[in-house]
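# Results of the structural survey
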Amino acid sequence: MSNVESAPAEVECAARPAGSGVEIHAPRDVPLGGPRAMPVRRTLPQRSRSLIGAWCFVDHYGPDDVARTGGMVVPPHPHTGLQTVSWLFTGEIEHRDSTGVHAMVRPGEVNLMTAGRGIAHSEVSTPDTQTLHGVQLWLALPDQDRGTEPRFEHYAPQPVTGPGWQLRVFMGDLAGSSSPVRVHSPLVGAELLLEPGTTLELEADPRFEYGVLADGTELEFQGAAVAPGELAYRAPGAAVLRLTAPPGSAVRAVLIGGEPLGETIVMWWNFIGRSHEEIVQYRRDWQQHIGAEAHPGADPATRFSAVPYDPLPPLPAPVLPGVRLRPRS
């Protein structure tokens, strides 16, 4: 998924302490996806927090009336140094990428795209989709793995259930469920569903820092109130994660977590690198690639290739800012 802004911009407001070692991060509305931009709510990166484990990007969208808004139309665009994690609550999205993969993103099924040294892909909501609702997440690849070959994986986790709750683990391990998709650092990602008034306690990994995104209903995380659309953060050290649904409402939440990455990264547009100069080169490679497509005879960049059978023209990169890009850690 592509960000229209010149960088995955930080949310302007500061984190709000909420007791029990929890920070609350409010979302910011941003446009996504090119000329027909779809609004999303972004809670990571923040000015006060850039990563939760290796998770470096959290966009939350919908419920979106596709008949009114046009849904998701994201033309071919590039990525480097990251993994994209697509998880839907409602609707369907068609995915195409430059490795030749053509797949559908459906509710309860994770699509994991590893960009590695470089990939291009597109995402378009299908004609039968009436409501689009879900999250788009990014993972920063550790330095030793960020030059890996691009790949795509799909997994449909079976639900784990208990009294008044259900969860699906799409990354890592939790509550006895394990996802087989390949990750490059210790982490977890799961969708949680709680019936009204339910409290769910999960064993935590004390090495992990955690984030909980509240979907359409307020909830409590570690005793702290989390409003719809907010992201709650808990530093490493917790032995138990405790979530509670209010008496009158069911809750949907997305849990992410992982060992702190321990590396400094540079994020701009759809690229993750380790220096300003790397990002400049990634942009140059992409622009050279789409220029070669538009003007036969130009020297193509080897980092990126075309998305087969995609009818949409590729999305040009925005202009770089006039200052050096700031590292995040």
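The structure under discussion appears in the preceding block.
Residues numbered from 1 in each chain as written. Predicted model: local features only at pLDDT ≥ 70, side-chain atom pairs only at ≥ 80, totals over all residues. Heavy atoms only, no water.

### Concerning the packing of aromatic side chains
Spelled out, the test is: Each aromatic pair joins two rings of Phe, Tyr and Trp (for Trp, the six-membered one) with centres within 6.5 Å, and gets the label stacked for planes under 30 degrees apart, edge-to-face for over 60, and tilted for any other angle. Throughout this description, buried means an accessible area under 20% of the type-specific maximum (1.4 Å probe, protein chains only), exposed means over 50%, and partly exposed covers the range between. Only DSSP runs of H or I with at least four residues qualify as helices, and only runs of E with at least two residues qualify as strands; both kinds are numbered from the N terminus onward. Consider the ring centre and the ring normal. A charge sits over the ring if Lys NZ or Arg CZ is within 6 Å of that centre and within 35 degrees of that normal.
One pass over the structure, following the stated rule, counts nine aromatic pairs. A centroid spacing of 5.9 Å and a plane angle of 45 degrees characterise the contact between Phe208 and Tyr210, whose relative ring orientation is tilted. With respect to class, Phe208 is no different from Tyr210; both count as buried. When the ring of Trp286 is compared with that of Phe304, the centres are 5.4 Å apart and the planes differ by 90 degrees; the resulting orientation is edge-to-face. With Trp286 in helix H2 (residues 276-294) and Phe304 in the segment after H2, this pair connects stretches of sequence that are 18 residues apart. A connected cluster of aromatic rings, assembled from ring pairs, spans Trp268, Trp269, Phe271, Tyr282, Trp286 and Phe304. For Arg49, the ring lying beneath its charged end belongs to Tyr233, and the centroid distance is 3.6 Å. Positioned above the aromatic ring of Phe89, the side-chain terminus of Arg252 is 4.3 Å from the ring centre.

### Some remarks on the nonpolar core
Cut-off, in case you're wondering: Definition of nonpolar core: a set of buried residues of the types Ala, Val, Leu, Ile, Met, Phe, Trp, Tyr and Cys, connected through side-chain atoms within 4.5 Å. Residue contacts are counted whenever heavy atoms from the two residues lie within 4.5 Å of one another.
Of all hydrophobic cores here, the largest spans 38 residues; its most connected members are Trp55, Cys56, Val85, Leu137, Phe170, Met171 and Ile265. Those elements giving two or more residues to this core turn out to be strand S5 (55-65), strand S7 (82-90), strand S10 (110-114), strand S12 (131-140), strand S13 (151-155), strand S15 (165-171), strand S23 (231-234) and strand S25 (251-258). Excluding anything up to four places from it in sequence, Cys56 contacts Leu44, Pro45, Ser50, Leu51, Trp138, Leu139, Ala140, Ile265, Met267 and Ile272. One finds Ile24, Val212, Ala224 and Ala245 within the second-largest nonpolar core, a separate group that totals 30 residues.

### Brief notes about the sheet that holds strand S22 (residues 224-226)
Rules: One bridge is not enough; two strands pair if DSSP finds at least two bridges between them. Axes here mean lines fitted to C-alpha atoms, for a helix over just the part in contact, with angles spanning 0 to 180 degrees between N-to-C directions.
Read across the open sheet, the four strands follow the order S19-S24-S21-S22; overall the sheet is antiparallel. Across the chains shown, the open sheet's two edge strands, defined by having one partner strand only, are strand S19 (199-203) and S22. Mean inter-strand twist for the sheet, computed between neighbouring axes without regard to direction, equals 25 degrees. Bridge analysis of S19 against strand S24 (residues 240-244) gives five bridges, and the strand direction is antiparallel. The residue of S24 that forms the bridge with Glu201 is Arg242.

### Let's talk about the side chain of Arg283
Test applied: Counted charges follow a simple rule, with Lys and Arg positive, Asp and Glu negative, and His plus the chain ends left uncounted. By definition, a salt bridge exists where a carboxyl oxygen of Asp or Glu is found within 4 Å of a side-chain nitrogen of Lys or Arg. Pairs of N or O atoms are called polar contacts if they sit within 3.5 Å, as long as, within protein, a hydrogen donor faces a hydrogen acceptor (for residues adjacent in sequence, only side-chain-to-side-chain pairs).
With respect to the element layout, Arg283 can be found in helix H2. Among buried charged residues, Arg283 stands out as having no salt bridge; its nearest opposite-charge side chain is Asp285, 10 Å away. Polar side-chain contacts of Arg283 include one of 2.7 Å to the backbone oxygen of Pro318. If we skip the residues at most four places from it in the chain, Arg283 touches Trp268, Phe271, Ala317, Pro318, Val319 and Leu320.

### Some details on the pairing of strand S4 (residues 38-44)
Of all seven residues in S4, five are buried, a share of seventy percent or more. Bridge count between S4 and S5: three bridges; the pairing is antiparallel. Note that in S5 the partner of Leu44 across the bridge is Val58.

### A closer look at the environment of Gly162
Its location among the elements puts Gly162 in strand S14 (residues 160-162). On the basis of relative accessible area, Gly162 is assigned to the partly exposed category, the value being 26%. Taking C-alpha positions, Gly162 is 9.7 Å from Leu194, a pair spaced 32 residues apart along the chain.

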